[in-house]
Amino acid sequence: MVLFSLVATHADIDLETVAQLSTGSSELATSALSGSPAVTGAVVLATCNRFEIYGEASHADDVEAARAALVAQISEHSGLSEQLVSRSFNTRTGGEVSQHLFAVSSGLDSAVVGEREIAGQVRRALITAQHEGTASSGLIRLFQAASKTAKDVGAQTALGSRGLSIVSVALDLATDLSENADWSTKKAVVFGTGAYAGATMSLLRERGCKDISVFSSSGRAEGFVATRGGKALDADSLPAAVAAADVMIGCSGSDTRVEADELARVRADSPQTLIAIDLALTHDFDPAVGELDGVELLTLESVRLAAPQEQAESLAQASGIVTGAAAAFEQEREARSVDSAIVALRRHTMNVLDAEMEKVRARHGCTAAAEEVEFALRRMVKQLLHVPTVRARELASNGQQEQYIAALEALYGITVEQPAAAPVAECPVDHGQPGSASAAAQRETA
């Protein structure tokens, strides 16, 4: 089994293209597995500044076909040409897959280095794939190892103690732009009910903001504020709240966005400056709102440019942890790749032993002598299998497992069968079309 990934991030392409690529991301893994036998597992990681697909194929020769199938699916969902989609992604295979994901989960590849939210997004991506039945065993181990690595980086380096996040940097920028830095006097409107909205609510309260209202186009604001506090808004109460707000923060990425002309009308009689913070990949606010009088617009690009540079020592330490974890993961993967061969050799040897023991019992019956013979033979077989098993692990760790399998076939006529991929479970959730309410609700969890 071979792991691979398709990666499109803010580091390589503009955020608008990343947003377009991620259209329909909630359906991608399921449709890819059902549409191509080359794809045996898939996990989708879509965040505010990246869109990545992690896949598993049965053999290295299937990776290109699996990539083509995913590109075709993304093109169909996004409306972008297959050529543009293909150019937008970097493809990783082998050790590059774990090295990249572990760095991502640890916040080393983020706009704000060491950010906290990404580790949670990596965990949720795996949970979603498991729920939908698209996470293969190899991908489950990969993502679990990535989450463990993120915890190690957070616990063992200064990156974890900084507590930086995209939200915290955005709120720092908002403070700098405000005439009054006292958050206890500000009124805030938050768009969305997902992880970023929850982090935003927590950080607003940490800074002393008491007047927080929440709007969700999917109608989940009531349930969201029930556990976090704040006031739930609906379509009727939203305009008045925006008119009175000092800050509005977009965290949902839904298909309903605040247009510039609409905001200008709502804010026509508002005396105070409005700071609009758009943290959604697909924009909760029309970019033109930044051109309105009395409105300051902060975007993900603003956050990226303002993010502080981490100390070289902390980064080097975190990178060392990531590199070590990735190497250990790959070594374990290589060792696992010969499991089927080891099982086949043991089965072949034990079948020969059982056949010989049947002959002994047929001649001597179930006597003490027969039991002693069987005990001696099984002990001998165990000893004989020890060295081939150890050698299998050693060869696998050096990437020579194919030679071992070929030797088994040549010497013993043993055919090693790889385990079949797990079947794709039927998803019990109707995700709807990209523009549906259910798809919008899923994007709010990003």
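Preceding block: the structure.
Computed from a prediction, not measured in an experiment: that's the story for all the values here.

Colleague: I'd like a rundown of the overall build of the chain, residues and numbers included.
Modeller: Each helix and strand counted, the chain has 19 helices and 10 strands in total. For the chain, the exposed surface amounts to about 20,900 Å²; the carbon and sulfur share of it is 51%.

Colleague: With reference to specific residues and values, describe the nonpolar core.
Modeller: Nonpolar side chains tend toward joint burial in soluble globular proteins. Within the largest apolar cluster, 34 residues are counted, with the highest numbers of intra-cluster contacts made by Ile166, Leu171, Val190, Leu204, Ile249, Ile277 and Leu279. The element contributing the most residues to this core is helix α9 (residues 166-177), with 7 residues. The residues contacting leucine 279, other than those within four sequence positions of it, are Cys48, Ile166, Val167, Ala170, Ile249, Gly250, Leu300 and Val303. In terms of nonpolar packing, the next biggest core, distinct from the first, is built from 28 residues, Ile13, Ala32, Ala38 and Leu281 among them.

Colleague: Outline the pairing of strand β5 (residues 187-191), listing residues and values.
Modeller: The buried fraction of β5 amounts to 4 of the 5 residues, a majority that puts the element mostly inside the structure. With 5 bridges joining them, β5 and strand β6 (residues 211-215) adopt parallel strand pairing. Counted as the bridge partner of phenylalanine 191 is phenylalanine 215 from β6. Between β5 and its parallel partner β6, the chain crosses via helix α10 (residues 195-206), and the hand of that crossover is right-handed. Across 4 bridges, β5 lies against strand β8 (residues 247-250) in parallel orientation. In the sheet register, phenylalanine 191 faces β8, and the bridge partner there is glycine 250.

Colleague: Give a detailed account of the pattern of salt bridges, specifying residues and quantitative values.
Modeller: By the definition in use, this model includes 11 salt bridges. Among the salt bridges present, the one from glutamate 356 reaches lysine 359, with a minimum N-O distance of 3.4 Å. Linking glutamate 356 with lysine 359, this pair stays in helix α16 (residues 339-364), spanning 3 residues, or about one helical turn. A relative accessible area of 53% means that lysine 359 is categorised as exposed. In this structure, arginine 361 and glutamate 358 form a salt bridge, with 3.5 Å as the shortest nitrogen-oxygen distance. Highlighted residues: arginine 361 and glutamate 358, both in helix α16, separated by 3 residues, approximately one helical turn.

Colleague: How would you explain the sheet that holds strand β7 (residues 231-233) if you had to name every residue and give the values?
Modeller: Reading across from one edge, β7-β6-β5-β8-β9-β10 is the order of the 6 strands in this open sheet, with parallel pairing throughout. The sheet terminates laterally at β7 and β10 (295-299), the two strands that pair on one side only. For this sheet, the mean inter-axis angle between neighbouring strands, taken without regard to orientation, is 20°. Against the sheet, α10 makes contact with β5, β6 and β8, and its axis sits at roughly 165° relative to β5, the strand it touches most. Where helix α11 (residues 221-228) meets the sheet, its contacts fall on β6 and β7, and the angle it forms with β7 comes to roughly 170°.

Colleague: Go over the packing of aromatic side chains, please, and point to the residues and values.
Modeller: Taken as a whole and assessed by the stated rule, the structure comprises 5 aromatic pairs. Taking 5.3 Å as the distance between ring centres and 90° as the angle between the ring planes, the aromatic pair formed by tyrosine 54 and phenylalanine 143 counts as edge-to-face. Pair noted here: tyrosine 54 is in strand β3 (residues 50-57) and phenylalanine 143 is in helix α7 (residues 137-156), with a separation of 89 residues, a long-range link. Looking at tyrosine 54, the relative accessible area reads 0%, which means it is buried.

Colleague: How would you summarise α11 if you had to cite specific residues and measurements?
Modeller: Every buried residue belonging to α11 is among Ala221, Phe224 and Val225, and all of these are buried. Relative to the axis of α11, the buried residues are bounded by an arc of 90° and lie together on one face. For α11, the exposed residues lying more than 90 degrees away from the buried face are Glu222, Ala226 and Thr227. Buried residues in α11 make contact with α10, β6 and β7.

Colleague: Kindly report on the sheet that holds β3, identifying the contributing residues and their values.
Modeller: With respect to topology, 4 strands assemble into an open sheet ordered β2-β3-β1-β4, the strand pairing being antiparallel. The open sheet has two edge strands, β2 (41-46) and β4 (90-93), and neither has a second partner. Neighbour-to-neighbour, the strand axes of the sheet open up by a mean angle of 15°, direction not taken into account. Sitting on the sheet, helix α6 (residues 117-132) is in contact with β2 and β3, with an inclination near 145° to β2. Strand contacts of α7: β1 (2-9), β2 and β3, with the helix running at about 135° to β3, the strand carrying the most contacts.

Rules of the game
- Along each chain, numbering runs from 1 in the same order as the chain's sequence is written.
- Local features are withheld for residues below a pLDDT of 70 in this predicted model, meaning they are given only at 70 or higher, and side-chain atom pairs are given and counted only at 80 or more; totals for whole chains, interfaces and linings count all residues.
- The side-chain figures draw on all heavy atoms in the structure; neither hydrogens nor water molecules are used.
- Secondary structure follows DSSP: runs of H or I at least 4 residues long count as helices, runs of E at least 2 residues long count as strands, and numbering of each begins at the N terminus.
- We get accessible surface area from the Shrake-Rupley algorithm with a probe of 1.4 Å; when it comes to residues, only the shown protein chains can shield them.
- In this description, a nonpolar core means a group of buried Ala, Val, Leu, Ile, Met, Phe, Trp, Tyr and Cys residues linked to one another through side-chain atoms lying within 4.5 Å.
- The classification of residues rests on relative accessible area computed with a 1.4 Å probe and restricted to protein chains. Under 20% of the type maximum is buried, over 50% is exposed, and intermediate values are partly exposed.
- Every residue pair with non-hydrogen atoms within 4.5 Å of one another is taken to be in contact.
- The rule for pairing is simple: two strands pair if DSSP sees at least two bridges between them.
- Handedness of a crossover: with both strands directed away from the viewer, a clockwise path from the first strand across the helix to the second marks it as right-handed.
- Here a salt bridge means any side-chain nitrogen of Lys or Arg lying within 4 Å of a carboxyl oxygen belonging to Asp or Glu.
- Where helices are involved, their axes are fitted lines through C-alpha atoms of the stretch in contact, as for all axes, and angles between N-to-C directions lie from 0 to 180°.
- Aromatic pairs are defined between Phe, Tyr and Trp rings, using the six-membered ring for Trp, whenever the two ring centres lie within 6.5 Å; interplanar angles under 30 degrees are classed as stacked, those over 60 as edge-to-face, and all others as tilted.
- Working note: the arc is built from the helix axis to C-beta atom directions.

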